[in-house]
Amino acid sequence: MKAFVSILILVIGFMAFFFLWPKSIDLPNIGEVKEWKLSEVSGNDLSIEKKPKLISFYYTNCPDICPTTMMDLIKLQQLMKEKGISEDQYIILSVTLDPEYDTNKRILQYKNLFEISSTNWLFLRGSEEDTKELTNNFDFYYKRDENGFLTHSTSMYIVDSNDQIRAHHDMAIGNKRVNIEEIANHLQQLIK
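Residues numbered from 1 in each chain as written. Predicted model: local features only at pLDDT ≥ 70, side-chain atom pairs only at ≥ 80, totals over all residues. Heavy atoms only, no water.

So, on to the nonpolar core. In terms of nonpolar packing, the biggest core is built from 53 residues, with Ile-55, Phe-57, Leu-76, Phe-123 and Phe-138 touching the most fellow members. No other element matches the seven residues that helix H2 (residues 65–82) contributes to this core. In this structure Ile-55 touches Trp-36, Leu-93, Val-95, Phe-138, Met-156, Tyr-157 and Val-159, once residues within four positions along its chain are discounted. (Core = buried A, V, L, I, M, F, W, Y, C linked by side-chain atoms within 4.5 Å. Buried < 20%, exposed > 50% of the residue type's maximum accessible area, 1.4 Å probe, protein only. Helix = DSSP H or I, 4+ residues; strand = E, 2+ residues; numbered from the N terminus. Contact = heavy atoms within 4.5 Å.)

Right under this line is the structure:
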């Protein structure tokens, strides 16, 4: 009888552990976005709402990483929809690293090339100085070489509704695609 009670207590303890243990771990605070000085290229007022955001950096002449990442972010939006999360619950911000070349017109053409029409996916552009200031918030590296080629880090960032940086994710590199499931889960954790 004592063995049965011991096993029963062990089973109950295991079940309590399994069912009561949080399914997700709180995302850490790893930085802060101090100011959003960039403009939305469609001319819309850029008031970064109190919503979770995925921040990605790109430039329209990027030959590989940026366009592949854009395609994966389109899949992310579909996944969010499948999870029952509407576009008005989160924001995707794509920030150009080459504001001199990437005029508003070029960025809008780029956006149209990918058939991006979502109201929650904003394309941002600012001065070189403002762009550098924003990337510094994320410790995001980019540099133009002597041939004019732009190299950059390959991270994207989750920012919560209080402008706290909570996670970073890899862009699409070679055969390695964006982990849209993980990004969706992180955004979902931050949606109130």
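There's plenty left to go through after this.
Before going further, it helps to spend a moment on the packing of aromatic side chains. Using the criterion set out here, one finds nine aromatic pairs in the structure. Between Tyr-110 and Phe-114, the aromatic rings sit 5.0 Å apart at their centres with planes inclined by 70°, giving edge-to-face as the arrangement. Of the two residues, Tyr-110 and Phe-114, both sit in the buried class. Centroid distance Phe-140 to Tyr-157: 6.4 Å. Interplanar angle 75°. Geometry classified as edge-to-face. Of the two residues, Phe-140 is situated in the loop between helix H4 (128–138) and strand S6 (142–144) and Tyr-157 in strand S8 (residues 155–159); the sequence distance between them amounts to 17 residues. You'll find Phe-140 and Tyr-157 in the same group, each marked buried. Ring pairing ties together the aromatic residues Tyr-58, Tyr-110, Phe-114, Trp-121 and Phe-123, which thus form one cluster. Against the face of Tyr-101 rests Arg-106, its NZ or CZ located 3.9 Å from the ring centre. A cation over an aromatic ring shows up here: Lys-132 above the ring of Tyr-142, its NZ or CZ 4.6 Å from the ring centre. (Phe/Tyr/Trp six-rings, centres within 6.5 Å; stacked < 30°, edge-to-face > 60°. Lys NZ or Arg CZ within 6 Å of the ring centre and 35° of its normal.)

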